[in-house]
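# Survey of secondary and tertiary structure
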Amino acid sequence: MTGGRVVVLGAVGRNFAAGMSGGIAYVLAEDGEVGAARHGFAAKCNVESVELTVVADAGEVQWLRETIERHAELTGSLKAREVVARFDELLPRFVKVLPTDYKRVLEEEAAKAKAEAEAKAKDETKGDSGSDSERTVCADTHPKTSSIIDIEDALVDDAQLADRARKLDKLRGFVRYARRGDRYRAATKRAGDWSEISTRQTRASLQVQAARCIDCGVPFCQSDADGCPIGNVIPKWNERVFRDQWREAFDRLMATNNFPEFTGRVCPAPCEGACVAGISAQPVAIKSIEAAIIDHAWAMGWMAPVPPQRRTGHAVAVIGSGPAGLAAADQLNSAGHSVTVYEREDRIGGLLTYGIPNMKLDKRVVQRRVDKMEAEGVCFVTGVNVGVTLAAADLRNSHDAVLLATGATWPRDLRIDGRDLDGVHFAMDFLSVSTKALLRSTATPLSAAGKRVVVIGGGDTGNDCIGTAVRQGAASVVNFELLPQPPVQRAADNPWPQFPRVFKIDYGHEEVIARWGRDPREYCISAKRFIGANGCIEAIETVRVEWTKDDAGRWTMEEVAGSEERHDADLVLLAMGFTGPENQLLEQLAVAQTPRSNISTPEGSYRTCVDSVFAAGDCRRGQSLVVWGINEGRQAAREIDTFLQPVSHLPVSGGIIPRTVSAQPEEISVPA
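Counting from 1, residues in each chain are numbered in the order their sequence is written. Side-chain atom pairs in this predicted model are given and counted only at pLDDT of 80 or more, local residue features only at pLDDT of at least 70, and totals for whole chains, interfaces and linings cover all residues. Computation of side-chain values covers all heavy atoms of the structure but excludes hydrogens and water.

The secondary structure listing takes helices from DSSP runs of H or I that are at least 4 residues long and strands from runs of E that are at least 2 residues long, numbered from the N terminus. Regarding its fold elements, the chain presents 25 helices and 22 strands. For the chain, with 672 residues in total, the buried portion stands at 51%. Residue exposure ignores everything except the shown protein chains as possible cover, and the areas themselves are Shrake-Rupley values with a 1.4 Å probe. With the model as given, the accessible surface of the chain reaches about 30,800 Å², and the carbon-plus-sulfur share is 50%. Note on exposure labels: buried denotes an accessible area under 20% of the residue type's maximum, exposed denotes more than 50%, and partly exposed covers the range between, all computed with a 1.4 Å probe on protein chains only.

Take a look at the structure:
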C-alpha cells in the first residue's frame, strides 16, 4: 500500500503492513485480538515500519462512520451493517495504522501543493476573495473533513506561517481556519521516557489559531458556570496573540491566573467546551494558546520576581501547598502580608508535585514557580504535618489568619473480599511513590514492571496510572470503568455550553493501544472479589452491569446474570476519587464540616466557624480541578485581606478590582 485510505473489517494475517509505505489503514481488531499482547493485533503487525494509533479526531471518526455506511449501502454487507449499528461501541477497537515514513510522503505532497497554489495565485484576478493563507490553512467545514489535511499543514515552515499570519482573516477565521491544538509526541517514543508528552506550536501557528476566536458578544468561555472558573478574559489575550502582541497577552493572562503554566498543561479546558465556535465547528485551542503565552513569558524574562513594595505587619499561615494554597499565598504576599506555607511532604506543590506524573507536568516547571514566589518573600516550610507534628493551636496563635488548603486527600475505597491482599493499592499512593523515585533517581518500592496491572476507575487519575504503568514496563494494563462508554458526540442531555461528556482517548490510553493494539478500558464492569494466593493478589472476579433509566429519569444499575469473569492481576490500583479532607487537623481546630465531610463555610464565603480560620480548595468544595483550586485560593485571599485590613486591592474573578465608594456626607442647607 502506497497511498489512500482503507478500512478493514475482517481478520488480518501475519506481518500486516510490512509492505506499507504510504496511506492509512483503519483496522477493526477482532474479539480475540483484544486480549493479551501476544494475541493482540499489534503482534500481527510489522511495527518496525508502522505506528499504531487510535481514531480520535472528530473529522476522522465521521469519515470512518460514513465510509462504512456507504459500504453497507452499496454491498449489503452484514458485517458493515453490524459495525454501523454498534459504531460507538466498536470505535475503540479500530486501530489506525500509519507508516513511519508518512511524513516524508506528506512533505512531498505539501511542497507540490504549495507550488501549485503559488502558480495559481499568479493567474487569479485582483477581485478574488481568497488568499494563500485561506487555501492552505483553511478548515473545510464540510462534515466529511479529515484531520489528514492538518498534517500537511503542520509541515509548513515558520517563515511561511509568519507570512500567512500577516494575511489572516480575523473576521471569518473560525470558518476558514482549522483547529490545531498542541500535539502529543509519538506514543511509542514518549512511553519510553518521563519528559512532557506535548509539543508547543510556533508563534505564527498560534496566530492562525487565535484568528479563529470570534470575540463574540457573550463569551461563554470565560463564564464560571460552564467555562473558565477563574474568569480568564480569553478573547482579550487571543486578540493580542493574533496581533503578535505577546507582552500585552501575557499581562492580560496574569491578571486572572496565577499559574497558567499549570492550567495550560493539566486543565481539561472547560473553556473550550463552552467556546461559541464549538457550536457548529471545533472550538478554539484556548489551552494551547494559554500555555504558549506563559512559556514565552518565561523565555523572555518577563517572570522576574516582583516583591511587594511594603509589608502590612500581618502574618498568615497557609496549610497545604497545592493549587489553592499556592494561589492564596501568591495573592496575600502581593498584598504585603507575611505568608508562610506549611507542607507535610518534602517538596512544595501538593498534588502538582506528587499527584500529577512528570510527563504531564514537569516538576521543574513547578519548582521554577516556587523559586519565584520564594524570591518575592513567601516562606515555605516542608516536612511539617500541621495537626500531627505541629499543634494547630500553636500555629493559630502565632498568626493573624490561617488558611486551610489541605485538599481532599481521603481516597474512596473498594471494600470487597480480598481488599487487604498485597498488591491492591490506592492510585495516589502509586503515583506519589513513582514520582518520588523519579525525582530522587532511586528505585520505586511500588513498581508495575513486569506486572499485569488493573486500574479500577477512570478520570485523570486512572489515566495517569495507566501512563505510569506503561513507562515502568507493565506486562499488560487494563482499566475497569463502572459506567457505560460515553458517546462520541454530545448526547441530548449534554448540550453546549456544558462540558462535553464524550468519548476521548487520552495519552495513557493511546500509549496502551500503541503498545498492545487495544484500548485498555472495559466499560460497565464491576469488581466483586479480589482473589489471592499466599497473601498476594492474583486475580479479580468481575461481573458486567447494565444501566437503565426509570420513569423518573434516574439511572439504575443491574448486574448481568451469567457475566462473571476472572481477570489475572499482579497489581490493582484504585482510582475511584476522593471522599474529602483528612479529619485530624479539622478536629483540632474544631471547624464545622458538611455531611460530605468538607469544611463548612457560609455560601459565598471562605471563612469557617472558627475566628481567623479560612478554607479554600478541595477541602472546602470537594474534589475538583486545578483551575478551581486556583480560583478558590484567589478569592479566599481577598476575603482574608479584607479581614486583616479595611480595604482590599486584590481582584475578584475576571481580574477586576472592585472600587470602594465612600458615602458622601449629606448636604446641609444654610438659610439665606
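We are not done yet, so read on.
The topology assignment puts Ser476 in strand S14 (residues 476-481). Take Ser476: its relative accessible area is 24%, and that puts it in the partly exposed class. A sequence separation of 39 residues divides Ser476 from Arg515, and the C-alpha atoms of the two residues are 9.3 Å apart. Any two residues whose heavy atoms approach within 4.5 Å at even a single point are treated as in contact. Residues in contact with Ser476, not counting those within four places in the same chain, are Lys451, Arg452, Val453 and Trp516.

For the rest of this paragraph, the subject is the packing of aromatic side chains. Any two aromatic rings considered together are summarised by their centre-to-centre distance and by the angle between their planes. A pair of aromatic rings is counted whenever rings of Phe, Tyr or Trp (Trp by its six-membered ring) have centres within 6.5 Å, and the orientation is called stacked for planes under 30 degrees apart, edge-to-face for over 60 and tilted otherwise. Counted by the stated rule, this structure contains seven aromatic pairs. Arranged with centres 5.4 Å apart and planes meeting at 45°, the rings of Tyr26 and Trp63 form a pair that is tilted. In this pair, Tyr26 sits in strand S2 (residues 22-28) while Trp63 sits in helix H1 (residues 58-75), placing the two residues 37 residues apart along the sequence. The two residues Tyr26 and Trp63 agree in class, both being buried. We note Arg5 situated over the ring of Trp63; from NZ or CZ to the ring centre the distance is 4.0 Å. The lysine or arginine in question, Arg621, covers the ring of Trp628, its NZ or CZ lying 3.9 Å from the ring centre. For a Lys NZ or an Arg CZ to count as sitting over a ring, it must be within 6 Å of the ring centre and within 35 degrees of the ring normal.

With respect to the helices, strands and loops of the structure, Gly535 is situated in the loop between strand S16 (525-533) and strand S17 (536-549). With relative accessibility at 44%, the residue Gly535 sits in the partly exposed group. Considered as a pair, Gly535 and Gly418 are 117 residues apart in the sequence and their alpha carbons are 9.0 Å apart. Residues within four places of Gly535 in sequence aside, it is in contact with Leu421 and Asp422.

The next subject is the pattern of salt bridges. When a carboxyl oxygen of Asp or Glu lies within 4 Å of a side-chain nitrogen of Lys or Arg, that pair is called a salt bridge. Counted under the stated rule, the structure contains 43 salt bridges. Among the salt bridges present, the one from Arg566 reaches Asp568, with a minimum N-O distance of 3.8 Å. Residue Arg566 is classed as partly exposed on the basis of its relative accessible area, which comes to 49%.

Burial within strand S13 (residues 452-456) is extensive, with four of its five residues counted as buried. Across five bridges, S13 lies against S14 in parallel orientation. Looking at the pairing, Val453 lines up with Val477 of S14. Handedness of a crossover is defined as follows: with both strands directed away from the viewer, a clockwise route from the first strand across the helix to the second makes it right-handed. As a crossover connection, the stretch from S13 through helix H21 (residues 459-472) into S14 is right-handed. DSSP bridges decide pairing: two strands pair if at least two such bridges lie between them. In this sheet, strand S20 (residues 571-574) lies alongside S13 in parallel orientation, the contact comprising four bridges. Bridge pairing in S20 places Val455 opposite Leu573.

What follows deals with helix H16 (residues 323-334). One less than the number of residues in a helix, times 1.5 Å, gives the span that helix is expected to have. With twelve residues, H16 should cover 16 Å at 1.5 Å per step; its first-to-last C-alpha distance of 17 Å lies within 8% of that length. Within H16, eleven of the twelve residues are buried, which leaves it mostly tucked inside the rest of the structure. Taken residue by residue, H16 has Pro323, Ala324, Gly325, Leu326, Ala327, Ala328, Ala329, Asp330, Gln331, Leu332 and Asn333 as its buried positions.

Turning next to a nonpolar patch on the surface. Residues enter a patch when their relative accessible area is above 30% and they make no salt bridge; the linking distance is 9 Å between like charges and 5 Å between nonpolar side chains (Val, Leu, Ile, Met, Phe, Trp, Tyr). A cluster of nonpolar side chains, namely Leu482, Leu483 and Met557, defines an oily patch on the protein surface of about 260 Å² accessible area. By the element assignment, Met557 lies in strand S18 (residues 555-559). The exposure class of Met557 is partly exposed, given its relative accessible area of 38%.

Ordered in space as S12-S20-S13-S14-S15, the five strands form an open sheet in which the pairing is parallel. Two strands close off the open sheet at either side, each with one partner strand: strand S12 (424-426) and strand S15 (521-523). Shown here is a sheet whose adjacent strand axes are inclined to one another by a mean of 25°, direction ignored. Lines fitted to C-alpha atoms define the axes here, with helix axes fitted over just the stretch in contact, and angles between the N-to-C directions of these axes take values from 0 to 180 degrees.

Overall, mixed pairing links the four strands, which are arranged S1-S2-S4-S3 in an open sheet. Two strands close off the open sheet at either side, each with one partner strand: strand S1 (2-8) and strand S3 (50-54). The mean inter-strand angle of the sheet, taken between neighbouring strand axes irrespective of direction, is 20°. Two elements, S3 and strand S4 (residues 94-99), share five bridges in a ladder whose sense is antiparallel. Paired with Val54 across the strands is Val95, a residue of S4. Strands S1, S2 and S4 of the sheet are contacted by H1, whose axis makes an angle of about 65° with S1.

Time to look at the confidence of the model for the chain. On a scale of 0 to 100, pLDDT captures the predictor's confidence in every residue. When the pLDDT values of the chain are averaged, the result is 88; 88% of them are 70 or greater. Low pLDDT, under 50, characterises residues 34-39; the stretch is placed with eight contacts to residues that sit more than four places away or in other chains. Contacts for the low-pLDDT stretch residues 123-155, under 50 throughout, to residues beyond four places or in other chains number 64 contacts.

Counting buried residues along S4, six of its six residues qualify, which places the element largely inside the surrounding structure. Of the two faces of S4, the one lined by Phe94, Lys96 and Leu98 and the one lined by Val95, Val97 and Pro99 are each fully buried. As defined by bridge partners, S2 adjoins S4 across four bridges and the pair is classed as antiparallel. Counted as the bridge partner of Val27 is Val95 from S4.

Quick look at the packing of helix H11 (residues 234-242) against helix H15 (residues 286-300) now. At a minimum axis separation of 11 Å, H11 and H15 run at an interaxial angle of 65°. Crossing geometry of H11 relative to H15 is assigned as left-handed. Along the contact surface, H11 presents Ile234, Trp237, Asn238 and Val241, while H15 presents Ile286, Ile289, Glu290 and Ile293. Basically, the charged four are Asp, Glu, Lys and Arg, the nonpolar ten are Ala, Val, Leu, Ile, Met, Phe, Trp, Tyr, Cys and Pro, and anything else, Gly included, counts as polar. Partitioning the contact of H11 with H15 into residue classes produces six nonpolar, one polar and one charged. Handedness of a crossing is defined here by the sense of rotation of the near helix relative to the far one, left-handed for an anticlockwise turn of less than a right angle and right-handed for a clockwise turn.

For the rest of this paragraph, the subject is unusual backbone geometry. A cis amide bond links Trp496 with the next residue in sequence, Pro497, at an omega value of 10°. By the element assignment, Pro497 lies in the loop between S14 and helix H22 (507-516). Residues other than glycine seldom take positive phi values, yet Ala17 does so here, at roughly 75°. Of note, Ala17 is situated in the loop between S1 and S2.

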